[in-house]
Amino acid sequence: DAALRAFLAFPLAHNGVVAGVVALTRTDRTFSEGEFERLGRLAAPLGDTLAKLRREMRLRQLIYLDEETGASNHHHFLARLEEELQRARQHATEFAVALLEVAGVDHAAGDVVQSFSRQLQEAMRSCDLVASFGQGRFGLLLAGVNRDRADVIVDRIARSALREVVPASHSLRLR
């Protein structure tokens with residue numbers, strides 16, 4: 001509602017590459033020369049920090065995600081499995097692990113496997129995990145779920161995901 005008096009935008013650069021922009025506005029008065037200089041000096045370390053965070057995020061993706069499907073990989077799955085085992089020991093909780101295989105997968109069905117993986121991930125709760133083990137094999141980790149309930153949940157999720165992505169021309173089946 002107040003009239004804009006001043007606007008500053010500083011590029012956040014790291015090694016000459018702009019990683020972002022900080023935009024500042026004022027409605028009370030313009031920026032003084034001293035404020036302008038101080039804010040400009042802050043932009044360089046902010047750019048370095050932003051670049052570092054992006055590198056760390058990319059490393060986490062490389063370490064924990066399967067690039068083909070976008071699902072977690074077996075390393076992340078095993079780490080989460082250890083966490084659930086520890087939680088179960090400490091709090092007497094249950095969890096379930098399911099292994100799924102889309103049988104009949106070949107190189108031509110790679111898009112189908114990617115779509116199936118996306119459908120699985122969308123159907124799962126945020127506290128659960130879908131991991132790709134390659135060649136159409138997936139691990140599901142369901143937190144706080146007993147075996148009987150897990151059978152029903154996994155069957156419903158997996159069959160629904162398969163129906164969504166498998167064209168009638170494919171002879172894929174779920175194991």
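Basis of the calculations
- Residues numbered from 1 in each chain as written.
- Predicted model: local features only at pLDDT ≥ 70, side-chain atom pairs only at ≥ 80, totals over all residues.
- Heavy atoms only, no water.
- Helix = DSSP H or I, 4+ residues; strand = E, 2+ residues; numbered from the N terminus.
- Buried < 20%, exposed > 50% of the residue type's maximum accessible area, 1.4 Å probe, protein only.
- Polar contact = N/O pair within 3.5 Å; in protein donor to acceptor, adjacent residues only side chain to side chain.
- Contact = heavy atoms within 4.5 Å.
- Salt bridge = Lys/Arg side-chain N within 4 Å of Asp/Glu carboxyl O.

1. Here we look at the side chain of Asp128
If you trace the backbone, Asp128 turns up in the loop between α3 (110–123) and β4 (129–134). When its relative accessible area of 9% is taken as the criterion, Asp128 is described as buried. Looking at Asp128, its side chain comes within polar contact range of the side chain of Arg125, at 2.8 Å. Among all residues touching Asp128, those that are not within four sequence positions of it are Arg80, Leu141, Leu142 and Ala143.

2. Remarks on the pattern of salt bridges
Taken as a whole and judged by the stated rule, the model has 9 salt bridges. Here Glu35 makes a salt bridge to Arg26, at a shortest N to O gap of 3.0 Å. The partner of Arg80 in a salt bridge is Glu84, and the shortest N-O contact between them spans 3.4 Å. Within this pair, Arg80 and its partner Glu84 are both found in helix α2 (residues 74–91), separated by 4 residues, close to a single helical turn. Here Arg80 and Glu84 have matching classes, each one buried. What you see here is one network of salt bridges that share partners, running through Arg26, Asp28, Arg29 and Glu35.

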